[in-house]
Amino acid sequence: MVNRVVGDEGIIQNRECESGLDPQKVADGDFDEDGRSKRTGTVWTVTAHIVTVVVGFGVLSLPWGVAQLGWLAGVATLLVFGIITLYTSSLLAECYKSPVTGERNYTYMQAVKTTLGGKMYMVCGLVQYAIVTGSIIGFTLTASISMEAVLKSDCYHKRGHDASCQFSHRPYMIGIGIFEIFLSQVPNIDHVWWLSVMATLTSLGYSFIGVGLALATIISGHGKRTSVTGIEIGPGITPAQKIWRMFRALGNIALAYSYSLVLIEVQDTIKSSESEIKVMKKANMAGVLITTTLYLSCACFGYAAFGNYAHGNMLTGFGFYEPFWLIDLANIFIVVHLVGAYQVLAQPVFSAVESQARRRWPMSKFVTEEYPVGIGNKTLNFSINFLRLTWRTVFVGLVTSIALAFPFFNEVLALLGAISYWPLTVYFPVHMYIAQKKISPRTIRWFGLQLLNFVCLLVALASACGSVEGFGEALLLIVVPLLELVHKTSEILTQPYALFNLISIWVFNFTISKLIKLSFCWCSLVSEKRRKGTMVRMANEGDDRDIEKEGCEDGLGGNEVADGNFDEDGRHRRIGIMKLVYGAFWLVTH
């Protein structure tokens with residue numbers, strides 16, 4: 001406990017009693033002054049959290065964004081959004097503690113509620129949880145696609161670059177979901193700092209691999225044509241498509257820098273012995289500097305290597321084929337990074353629901369009780385809570401199911417990101433800072449903040465329009481093949497003898513299934529007759545009591561057993577092999 005004085009003991013005891021903790025534990029340093037577990041975060045762990053969230057899979061799509069904007073506008077956009085993100089994040093860091101009472105705001109939503117009121121709190125929660133859930137679904141999709149890309153890379157290496165290497169990423173998506181269920185049982189974000197460090201290192205790894213491969217392509221003289229204005233209007237692209245793509249590229253770059261939605265939660269991990277605001281500003285500076293350097297490297301080298309027709313993803317879109325082992329390593333790094341980013345984004349959602357449940361049902365053991373886990377006589381530094389186990393498992397299961405159900409969810413995610421970037425990264429931080437610092441309206445500083453707010457709103461609207469257009473294109477990719485399938489089916493049915501062939505196949509299946517069913521019925525009748533004969537013989541030999549006793553043990557009457565509805569051990573009559581054969585054939589033919 002920092003600055004323990006006699007006059008503070010009453011306050012400490014009052015706060016800890018409200019939290020259900022022993023005041024002596026707080027005084028001994030096991031907990032911070034607000035009754036929560038002792039914070040251990042430093043500027044390095046916080047920087048790792050920031051880089052983990054910011055440097056996502058979108059870094060490898062930045063060459064595509066620069067290809068739409070060109071050298072001049074592309075590089076300028078990367079720098080401008082880096083500066084905007086650094087500035088607004090510093091504003092948001094000022095809102096962690098109340099300037100009057102010094103009380104902490106543990107979440108982004110709590111900071112909005114304390115500063116701007118209940119209505120803005122509801123709007124912020126809706127937007128924040130929508131983009132967090134959407135990002136997690138996007139992480140699940142992209143990680144599974146990267147795992148699929150490893151198989152494709154090996155296939156192309158063995159069979160040639162023109163080979164038809166088709167694999168499904170859905171089994172890997174299910175595997176990622178199962179793994180995240182176990183990983184989600186970690187109590188809070190402060191306990192997964194090691195995962196953030198690992199994710200940060202792997203994000204640097206695949207980014208450097210992408211940059212290195214692009215640089216090697218440029219040095220070898222195989223770089224494609226680039227231009228100052230980006231992709232040119234011509235046979236493959238109309239003026240309208242050029243504008244929509246530029247808008248979408250702006251949204252992709254803006255969203256790539258966004259991490260404000262978890263900034264307060266990350267700041268709440270900093271140890272109390274240091275100034276949380278100063279440490280957070282240093283971490284913001286370091287994090288944004290690292291990400292901007294990576295973004296510029298990937299975007300510029302990737303654009304120089306692939307030109308105006310850069311791939312959406314340098315590694316999974318197979319802009320590179322060799323060396324295959326290096327591409328496999330980069331895709332594995334992507335998977336590890338996204339698994340870590342999944343937890344950094346999901347933990348605030350988990351904590352919000354569980355904190356609400358503890359306030360609602362403080363006496364429930366299902367909600368509050370922790371059960372230590374041990375191996376033999378040794379107790380591990382880990383415990384299970386039933387609410388945490390069930391709620392987090394359900395959440396991960398639903399997210400994985402949605403990722404499986406929406407093959408074009410990346411376009412929906414781009415739309416969600418475009419809509420949420422402005423309120424979470426710019427609007428709320430600016431207005432909370434104005435309210436907290438009591439900046440007078442119509443002053444130069446006030447006009448500057450409102451101008452920043454308005455410009456970012458225009459960018460968000462433009463990128464949202466581009467995302468809607470991209471969503472329409474993705475939907476057409478699904479609808480058009482379905483229409484073609486219907487058209488081909490109608491053509492087949494109108495051909496001579498096509499309908500006759502279909503009817504013949506149906507009659508054959510129907511006849512075979514009926515024959516198998518009749519065989520099953522005959523076997524069942526024989527088995528039932530033998531069973532009844534056995535029961536009559538047992539009754540004649542004086543074994544009625546045994547039959548009745550066995551039936552009563554299962555809650556059944558002896559007559560029910562004797563009638564053949566149940567087997568002699570009191571269980572329901574067993575099905576038999578013929579019924580299983582018939583069922584399997586029915587599934588195959590129908």
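All of the points below concern the structure found in this document. (Residues numbered from 1 in each chain as written. Predicted model: local features only at pLDDT ≥ 70, side-chain atom pairs only at ≥ 80, totals over all residues. Heavy atoms only, no water.)

### Points about the overall build of the protein
Scanning the protein from terminus to terminus reveals 20 helices and two strands. Buried residues in the protein amount to 43% of all 590 residues. Long-range contacts, defined as pairs at least 24 residues apart, comprise 76% of the intrachain contacts of the protein with a sequence gap of at least 6. About 31100 Å² of surface is accessible on the protein, with carbon and sulfur atoms providing 66% of the total. (Helix = DSSP H or I, 4+ residues; strand = E, 2+ residues; numbered from the N terminus. Buried < 20%, exposed > 50% of the residue type's maximum accessible area, 1.4 Å probe, protein only. Contact = heavy atoms within 4.5 Å. Areas by Shrake-Rupley, 256 points an atom, 1.4 Å probe, with all protein chains shown as cover.)

### With respect to the packing of helix α5 (residues 108–116) against helix α6 (residues 118–159)
Relative placement of two packed helices is described by the angle separating their axes and the distance separating the axes. Between α5 and α6, the shortest axis-to-axis distance is 8 Å and the interhelical angle comes to 160 degrees. In terms of orientation, α5 lies roughly antiparallel with respect to α6. Like other packed secondary-structure pairs, α5 and α6 cross with a definite hand, here right-handed. Residues Tyr-108, Met-109, Gln-110, Val-112, Lys-113 and Leu-116 of α5 pack against Met-120, Tyr-121, Cys-124, Gly-125, Gln-128 and Tyr-129 of α6. Classifying every residue of the contact of α5 with α6 gives eight nonpolar, three polar and one charged. (Axes fitted to C-alpha atoms, helices over the stretch in contact; angles between N-to-C directions. Parallel < 35°, antiparallel > 145°, perpendicular 65-115°, else oblique. Left-handed = near helix turned anticlockwise from the far one by under 90°. Nonpolar A, V, L, I, M, F, W, Y, C, P; charged D, E, K, R; others polar.)

### Structural notes on unusual backbone geometry
With the exception of glycine, the majority of residues adopt a negative phi angle, and the majority of peptide bonds are in the trans configuration. In this model, Lys-438 sits at a positive phi of 55 degrees, which is unusual for a non-glycine residue. Residue placement: Lys-438 occurs in the loop between α15 (409–437) and α16 (444–494). In this structure Lys-438 comes out as exposed when scored by relative accessible area, which is 71%. In this structure, Arg-442 takes a positive phi of about 65 degrees despite not being glycine. Tracing the backbone shows Arg-442 in the loop between α15 and α16. Owing to a relative accessible area of 68%, Arg-442 belongs among the exposed residues under this scheme.

### Considerations on the packing of helix α4 (residues 62–93) against helix α11 (residues 276–306)
The geometry of α4 relative to α11 is characterised by a closest axis approach of 10 Å and an angle of 180 degrees between their N-to-C directions. Considering their axes alone, α4 and α11 lie roughly antiparallel with respect to each other. For the contact of α4 with α11, a count of residues per class yields 21 nonpolar, six polar and one charged.

### Some remarks on helix α8 (residues 193–219)
With 27 residues, α8 should cover 39 Å at 1.5 Å per step; its first-to-last C-alpha distance of 39 Å lies within 8% of that length. Following α8 by one or two positions, Gly-221 has its phi on the positive side, about 85 degrees. (Expected span 1.5 Å × (residues − 1).)

### Points about the packing of aromatic side chains
The geometry of two aromatic rings is summed up by the distance between their centres and the angle between their planes. Scanning the entire structure with this criterion turns up 13 aromatic pairs. Judged by centre distance (6.2 Å) and plane angle (75 degrees), the ring pair of Trp-244 and Phe-247 falls under edge-to-face. Of the two residues, Trp-244 and Phe-247 both sit in helix α9 (residues 239–256), three residues apart, roughly one turn of that helix. With centroids separated by 5.1 Å and ring planes inclined at 50 degrees, the aromatic side chains of Trp-422 and Tyr-427 adopt a geometry described as tilted. Put simply, the rings of Tyr-108, Trp-422, Tyr-427 and Phe-428 touch in pairs and so form one group of aromatic residues. (Phe/Tyr/Trp six-rings, centres within 6.5 Å; stacked < 30°, edge-to-face > 60°.)

### Things to note about α6
The end-to-end C-alpha distance of α6, which contains 42 residues, comes to 61 Å, matching closely the 62 Å that a straight helix rising 1.5 Å per residue would cover. The positive-phi residue at the C-terminal boundary of α6 is Gly-160, with phi of around 105 degrees.

### Focus: the environment of Ala-76
By the element assignment, Ala-76 lies in helix α4. On the basis of relative accessibility, which here comes to 37%, the residue Ala-76 falls in the partly exposed class. Ala-76 sits ten residues away from Val-66 along the chain, and the two C-alpha atoms are 10.0 Å apart.

### Here we look at the side chain of Gln-68
Structurally, the position occupied by Gln-68 is in helix α4. Classification of Gln-68 as buried rests on a relative accessible area of 1%. Within the local environment of Gln-68, its side chain forms a polar contact with the backbone oxygen of Trp-64, the two atoms lying 3.1 Å apart. Contact partners of Gln-68, with chain neighbours within four places excluded, come to Thr-229, Gly-230, Ile-231, Lys-242, Arg-245, Met-246 and Ala-249. (Polar contact = N/O pair within 3.5 Å; in protein donor to acceptor, adjacent residues only side chain to side chain.)

### Side note on the pattern of salt bridges
All chains considered together, the criterion is met by eight salt bridges. A salt bridge links Lys-437 to Glu-94, with the shortest nitrogen-to-oxygen separation between them at 3.6 Å. Highlighted residues: Lys-437 in helix α15 and Glu-94 in the loop between α4 and α5, separated in sequence by 343 residues. Assessed through its relative accessible area of 41%, Lys-437 is described here as partly exposed. The class of Glu-94 is buried, set by a relative accessible area of 17%. (Salt bridge = Lys/Arg side-chain N within 4 Å of Asp/Glu carboxyl O.)

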